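Now for the letters of each chain:
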Amino acid sequence: MKGWLLHHRKAAEQALHRLVATPVNTLLSAMVVGIALALPAGGNMLLVNVQQLAQRIAAAPQLSVFMSLESGKKEVDETESRLRHHPQVRDVRFVPREDTLRRLKQSEGIGEVIESLPRNPFPDAFVVLPRSETPEALETLRAEFVKYPGVEHVQLDSAWVQKLDALLRLARLAVTLLAAALGTALVAVTFNTIRLQILTQDAEIEVSRLLGATDAFIRRPFYYFGALQGLAGGAVAWLVVLCTTLLLRGPVSELASLYGVGFTLYVLPLPESILLFALAALLGWMGAWLSLSRHLHD
Amino acid sequence: MIRFEQVDKRYPGGITALADLTLSIESGEMVILSGHSGAGKSTLLKLIPAIERPTQGMVIVNGQNVSALKRAAVPYLRRNLGVIFQDQKLLYDRSVFNNVMLPLAIAGVPPRDAGRRVRAALDKVGLLDREKAMPVALSGGEQQRLAIARAVVARPSILVADEPTAHLDDDTARDIVAVFRSFNQVGVTVLVATHHEALFAPNMTRRITLSHGRLAQ
Ligand SMILES: Nc1ncnc2c1ncn2[C@@H]1O[C@H](COP(=O)(O)OP(=O)(O)OP(=O)(O)O)[C@@H](O)[C@H]1O
Ligand SMILES: [Mg+2]
């Protein structure tokens, strides 16, 4: 057990030594690996942020029920009472057509156009909050409300959220594919550095074998080398993502506040950071393994 | 204890290096292996740490049939042997001290203990004051002594050397011979292939002579 620990410590030291002995190579490899990893890591972070933002904005999906312009007060009252007593409805807010007209007259740009209209073009409307927010329930309600007398049109205000959701799922797939492709690149980079290492350590490997070194003894430093190089790449990726996030934070918050949403980009949290480092080390280890099985002969 | 029983060694390409070789070396013996160039001396020595395997027959080292040893068991056989190679196989990218350290690192000897043993080995071959030097800075005789220090640092019971005095002048060669004698005197079995038989065998030292892969009468 003690001997085993000693062997591992020695191998790790040796790997570290080799990394430090060629600082330029080490730095360049770390940059290549780091930037390759930063793309999917950053993409993933962006996705998570957008998803949170979407959830925040679409906190409660709602239905807008528009009356026809011809419908009178009786129909409006009837519709309101039917909506209020509907078991699937949580809340109803009435938006009179006069209010809509007044609000739009005040708004920049279209105010004058509205002013010049001979009569109020807007219908009375209800904003309905449903109890269940599943797309199926919303659709059922929409189909039901549209049949009420005097109702012209029912709009599902969460439709865009669903579209965004589908889009995000697609983007997530793209990021996963990107991660797979760039992960392969990381393995390839390690594969090649280890190949060069094996070539330069040729004499040491041969002599060690003659002096009774086991395969494990000879391979161990290369595994550590691969894992450490991957880890260094992971660190670069982490820094790149961190810097990008901090740089984007201000502008994004500003943009969000223009839309009336308080929002701050969040920085890569601890579990995800650990995952990034672990994955980078694992990929480096894999590159070393592949290279050793290909290039190390007895 | 080393025993060869009807050993044949044919290299790929059809060259027969050893043919029907039977011999036995007792524990604590010192034996000189001589013969013309190409007689098969290096081949014989390489069979002992399983660097080469016999085409036929058995090689037995310390009661273990080396010719049938599994690949995974070979490292442990080699750790119990001290081998000095014809081309020395020193590592030129590290100091004298670290060259001698390598067998102990491989065997997993704790660093403190190992440092002490490295110095003891360097002391025996008279290189203690050169421990920080790089091998290229050593003379031919010093390099040979470095190879010996590395071979004995793990305290093997058998020491095998291939032409340890090649390219050395007579005085330097005599020093090397003395080092081997001193190891043999403390009980180490020593087998040396050499063209310098006269230096090694002034008295009763046993001599095995090979000719075209067979024992010469
Ligand atoms: N790896 C090899 N492949 C093919 N033939 C070899 C190999 N090694 C040695 N031989 C041949 O086997 C024969 C014996 O070689 P070996 O090296 O054992 O001789 P030696 O007695 O050590 O010679 P020297 O005194 O020149 O070192 C020679 O004919 C040599 O050419
Ligand atoms: Mg030879």
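Now for a look at the structure at hand. (Residues numbered from 1 in each chain as written. Chains lettered and ligands numbered in written order. Predicted model: local features only at pLDDT ≥ 70, side-chain atom pairs only at ≥ 80, totals over all residues. Heavy atoms only, no water.)

### Comments concerning the overall build of chain B
Part 1: Looking only at helices and strands, one finds 7 helices and 10 strands in chain B.
Part 2: Taken over the C-alpha trace, chain B has a radius of gyration of 17 Å; the compact-globule value for 217 residues is 17 Å, and the two agree within 12%.
Part 3: Along the longest, intermediate and shortest principal axes, the C-alpha atoms of chain B span 45 × 40 × 35 Å.
Part 4: Within chain B, the fraction of its 217 residues that count as buried is 54%.
Part 5: Counted over contacts in chain B with a minimum sequence separation of 6, partners at least 24 positions apart contribute 68%.
Part 6: When the accessible surface of chain B is split by element, carbon and sulfur atoms take 50% of a total near 9,800 Å².
Part 7: Both charge centroids of chain B, one from 27 positive and one from 20 negative side chains, sit 8 Å from each other. (Helix = DSSP H or I, 4+ residues; strand = E, 2+ residues; numbered from the N terminus. Rg over C-alpha atoms; globule rule 2.2 N^0.38 Å. Buried < 20%, exposed > 50% of the residue type's maximum accessible area, 1.4 Å probe, protein only. Contact = heavy atoms within 4.5 Å. Areas by Shrake-Rupley, 256 points an atom, 1.4 Å probe, with all protein chains shown as cover. Lys, Arg positive; Asp, Glu negative; His and termini not counted. Charge placed at Lys NZ, Arg CZ, Asp CG, Glu CD.)

### What about the coordination of the magnesium ion (ligand 2)?
Part 1: In this structure, B:Ser42 (OG) and B:Gln86 (OE1) serve as the protein donors to the magnesium ion (ligand 2), at separations of 1.9 to 2.5 Å. Of this pair, B:Ser42 sits in helix H1 (residues 41-47) while B:Gln86 sits in the loop between strand S6 (81-84) and helix H3 (96-107), and the two are 44 residues apart along the sequence. (Donors = N, O, S within 2.8 Å, 3.2 Å for Na, K, Ca; no water.)

### With respect to the layout of surface pockets
Part 1: Reported here for the largest pocket is a volume of approximately 830 Å³.
Part 2: Where the lining of the largest pocket is concerned, the elements lending two or more residues are helix H1 (2-21), helix H7 (159-200), helix H8 (202-210) and helix H9 (215-258) of chain A together with H3 of chain B.
Part 3: For the lining of the largest pocket, the element with the highest residue contribution is H1(A), accounting for 8 residues.
Part 4: Its residues placed into classes, the lining of the largest pocket shows 10 nonpolar, 10 polar and 7 charged. (1 Å grid on protein atoms, 1.4 Å probe; cavity = no way out; pocket = protein on both sides within 12 Å on 5 of 7 lines; lining within 4 Å. Points joined across faces, edges and corners; volume = space filled by probe spheres on them. Nonpolar A, V, L, I, M, F, W, Y, C, P; charged D, E, K, R; others polar.)

### A few points about a nonpolar patch on the surface
Part 1: A cluster of nonpolar residues, A:Trp285, A:Met286, A:Trp289 and A:Leu290, forms a patch on the protein surface that exposes about 370 Å² of accessible area.
Part 2: We classify A:Leu290 as partly exposed; its relative accessible area is 36%. (Patch = residues over 30% accessible without salt bridge, like charges linked within 9 Å, V, L, I, M, F, W, Y side chains within 5 Å. Salt bridge = Lys/Arg side-chain N within 4 Å of Asp/Glu carboxyl O.)

### Section: empty space enclosed by the protein
Part 1: A full pass over the atoms with the stated rule returns 2 cavities of 30 Å³ or more.
Part 2: Taken as a whole, the largest cavity holds about 70 Å³ of empty space.
Part 3: Taken together, A:Leu6, A:His7, A:Lys10, B:Met101, B:Leu104, B:Ala105, B:Gly108, B:Val109, B:Pro111 and B:Ala114 form the lining of the largest cavity.
Part 4: Of the residues in the lining of the largest cavity, the class split is 7 nonpolar, 2 polar and 1 charged.
Part 5: Taken as a whole, the second largest cavity encloses approximately 40 Å³ of empty space.
Part 6: In this structure, the second largest cavity is lined by A:Glu75, A:Glu78, A:Thr79, A:Arg82, A:Tyr148 and A:Pro149.
Part 7: Broken down by class, the residue content of the lining of the second largest cavity amounts to 2 nonpolar, 1 polar and 3 charged.

### Comments concerning the packing of aromatic side chains
Residues and elements named next belong to chain A.
Part 1: By the definition in use, this model includes 4 aromatic pairs over all chains.
Part 2: Each ring, one from Tyr 223 and one from Trp 285, has its centre 5.1 Å from the other, and the planes form 20 degrees; the classification is stacked. Here the residue Tyr 223 occupies a position in helix H9, and Trp 285 occupies one in helix H10 (residues 270-295), the gap between them amounting to 62 residues.
Part 3: According to the relative accessible area criterion, Tyr 223 is buried, its value standing at 17%. (Phe/Tyr/Trp six-rings, centres within 6.5 Å; stacked < 30°, edge-to-face > 60°.)

### Some details on the sheet that holds strand S8 (residues 189-193) of chain B
Residues and elements named next belong to chain B.
Part 1: Judged by pairing direction, the sheet is mixed, and its 6 strands sit side by side in the order S6-S7-S8-S3-S9-S10 without closing on themselves. Looking at which strands have only one partner, the edges of the open sheet turn out to be S6 and strand S10 (214-215).
Part 2: Set on the sheet, helix H5 (residues 140-152) makes contact with S6 and strand S7 (158-162); between it and S6 the angle comes to about 165 degrees. (Pairing = 2+ DSSP bridges. Axes fitted to C-alpha atoms, helices over the stretch in contact; angles between N-to-C directions.)

### Some details on the nonpolar core
Note on soluble globular proteins: their nonpolar side chains tend to be buried together.
All names here are of chain B.
Part 1: Counting 39 residues, the largest nonpolar core has Ile 84, Val 100, Val 118, Ile 148, Leu 159 and Phe 180 as the members making the most contacts within it.
Part 2: Contributing elements (two or more residues each) for this core: strand S3 (30-35), H3, helix H4 (111-124), H5, S7, helix H6 (170-185), S8 and helix H7 (197-200).
Part 3: Counting 31 residues, the second-largest nonpolar core is a separate cluster that includes Val 7, Leu 18, Val 66 and Ile 208. (Core = buried A, V, L, I, M, F, W, Y, C linked by side-chain atoms within 4.5 Å.)

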